[in-house]
Amino acid sequence: MEDEVACVIKLGGSAITQKDTLETPKLKAIQAAAALVSQCLHSGHRCIVVHGAGSYGHHQAKEYGVNQGFSNQADVQRVKLGFCQTRQSVLKLQHIVVSEFLNHSIPAVSQSPCGSWATDNGHVIQDNVSGITSLLKEGFVPVIHGDCVLDKSKGSSILSGDAIIKTVCAKVPVKRVVFLTDVAGIYDEPPNCPEATLIPLVKVSSNGDINLTISTSTAEHDVTGGMEMKLNTAVEIVTSSQGQTDTFVCQLGSQAAVNAALHGNLMEQEGTCIKRCD
């Protein structure tokens, strides 16, 4: 299919930054991401890369209440300043990621949602998917990040990387989405719990129900929902695509990540596949 995207790769904020230390990248992880994208290109796969903010942006967004919107707060100018500072922080990480991709001879093009995407009470009402796909057709690798955007009702909002991916998948056919994290996949309990067990397959029914109960946790400064949001996004993508798009959650740098991105199969490596199973 001419417009089909082979793979959307999501680099989780926790995977590419030290999320509890302000503006600290994990350079080796970003290099591993670049190596994976390079493998995709050499295999003839067209891919889109979306990355989270991690320790770049979440702290500022939380401090200034950017996601609550400047229309709903007394000190409008303070929130607007926080909006700008959050964006400035996120752009630092975007520069690091794209620079590393270019070092790997990947024709990566930075795409910032602010100004071209918009929300209403956090729901996307304007996007730039057409611009992203135009770059893809010309052989570029669009690299998009979670961002601050204008919101019709609240004034401002945080547009998460997961919301971007969901919007892309709703508008163009995508074969698979691979969420790359700092853990092996989705667990039945938070992975730092001693009893936590990795779940290799999450079965999604036609109505969006899943076959098990999962307990997740979210970092205090995370304004985009953490692993729970990733799982909900994955289930929604699988459901809305009527099972045409498989989703995976793998650890960045693992063989499972390579298998999922290149072949759409974990090939018995550690990771989680979320797919339609009626």
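One can find the structure itself at the top, above this paragraph.
Residues numbered from 1 in each chain as written. Predicted model: local features only at pLDDT ≥ 70, side-chain atom pairs only at ≥ 80, totals over all residues. Heavy atoms only, no water.

Caption draft 1: Spotlight on the overall build of the protein chain. When you go through the protein chain residue by residue, the secondary structure sums to eight helices and 12 strands. For the protein chain, the C-alpha atoms occupy an extent of roughly 55 × 45 × 35 Å along the three principal directions. The buried share among the 278 residues of the protein chain stands at 52%. Within the protein chain, contacts between residues separated by at least 24 positions form 74% of all contacts whose residues are at least 6 apart in sequence. Accessible surface, the protein chain as shown: approximately 12,200 Å² in total, 47% of it carbon and sulfur. (Helix = DSSP H or I, 4+ residues; strand = E, 2+ residues; numbered from the N terminus. Buried < 20%, exposed > 50% of the residue type's maximum accessible area, 1.4 Å probe, protein only. Contact = heavy atoms within 4.5 Å. Areas by Shrake-Rupley, 256 points an atom, 1.4 Å probe, with all protein chains shown as cover.)

Caption draft 2: Just the nonpolar core, in detail. Within the largest apolar cluster, 37 residues are counted, with the highest numbers of intra-cluster contacts made by Val8, Ile48, Ile165, Val174, Val177 and Ile274. Secondary structure elements with two or more residues in this core: β1 (5-11), β2 (47-51), α5 (129-137), α6 (161-171), β9 (174-181), β10 (201-204) and α7 (226-240). The dominant element in this core, judged by the number of residues it contributes, is α7, at six residues. The contact partners of isoleucine 48, leaving out residues within four places of it in the chain, are Val5, Cys7, Val8, Ile9, Ile132, Leu136, Pro142, Ile144 and Val168. Residues Cys7, Ile9, Val98 and Val258 belong to the second largest nonpolar core, which totals 36 residues. (Core = buried A, V, L, I, M, F, W, Y, C linked by side-chain atoms within 4.5 Å.)

Caption draft 3: Just the pattern of salt bridges, in detail. Overall, the coordinates contain five salt bridges when judged by the stated rule. Between lysine 166 and glutamate 236 there is a salt bridge, with the nearest N and O atoms lying 3.4 Å from each other. Residue lysine 166 is found in helix α6, and its partner glutamate 236 is found in helix α7; the two are separated by 70 residues along the sequence. Take lysine 166: its relative accessible area is 29%, and that puts it in the partly exposed class. On the basis of relative accessibility, which here comes to 40%, the residue glutamate 236 falls in the partly exposed class. (Salt bridge = Lys/Arg side-chain N within 4 Å of Asp/Glu carboxyl O.)

Caption draft 4: Summary view of the sheet that holds strand β7 (residues 147-151). Across the sheet, four strands lie side by side as β5-β4-β7-β8; this open sheet has mixed pairing. Unpaired on one side and paired on the other, β5 (123-126) and β8 (155-159) mark the two borders of the sheet. Within this sheet the neighbouring strands show an average axis-to-axis angle of 50°, counted without direction. Note that β7 and β8 share five bridges and pair antiparallel. Residue pairing across strands places aspartate 151 opposite glycine 155, the latter belonging to β8. Across the face of the sheet, helix α4 (residues 76-103) comes into contact with β7 and β8 while running at roughly 145° to β7. (Pairing = 2+ DSSP bridges. Axes fitted to C-alpha atoms, helices over the stretch in contact; angles between N-to-C directions.)

Caption draft 5: Broad picture of the environment of threonine 17. Turning to its location among the elements, threonine 17 is positioned in the loop between α1 (13-16) and α2 (27-42). Residues threonine 17 and aspartate 147, spaced 130 residues apart in sequence, show a C-alpha to C-alpha distance of 16 Å. The contacts of threonine 17, once residues within four sequence positions are left out, are Thr24, Pro25, Lys26, Ala53, Gly54, Ser55, Tyr56 and Leu93.

Caption draft 6: Quick peek at unusual backbone geometry. Its identity is not glycine, yet serine 105 carries a phi of approximately 60°, on the positive side. Judged by its relative accessible area of 67%, serine 105 is exposed. For methionine 267, which is not glycine, the phi torsion reads 50° and is therefore positive.

Caption draft 7: Up close: the sheet that holds strand β11 (residues 246-251). In space, the eight strands of this open sheet follow the order β3-β6-β2-β1-β9-β11-β12-β10, with mixed pairing throughout. The open sheet terminates on both sides in strands that have one partner only, identified here as β3 (108-111) and β10. Averaged over all adjacent pairs, the angle separating strand axes in this sheet is 20°, with direction ignored. Relative to β9, β1 runs parallel, the two sharing six bridges. Residue cysteine 7 lies in a different strand from β9, and its bridge partner there is arginine 176.

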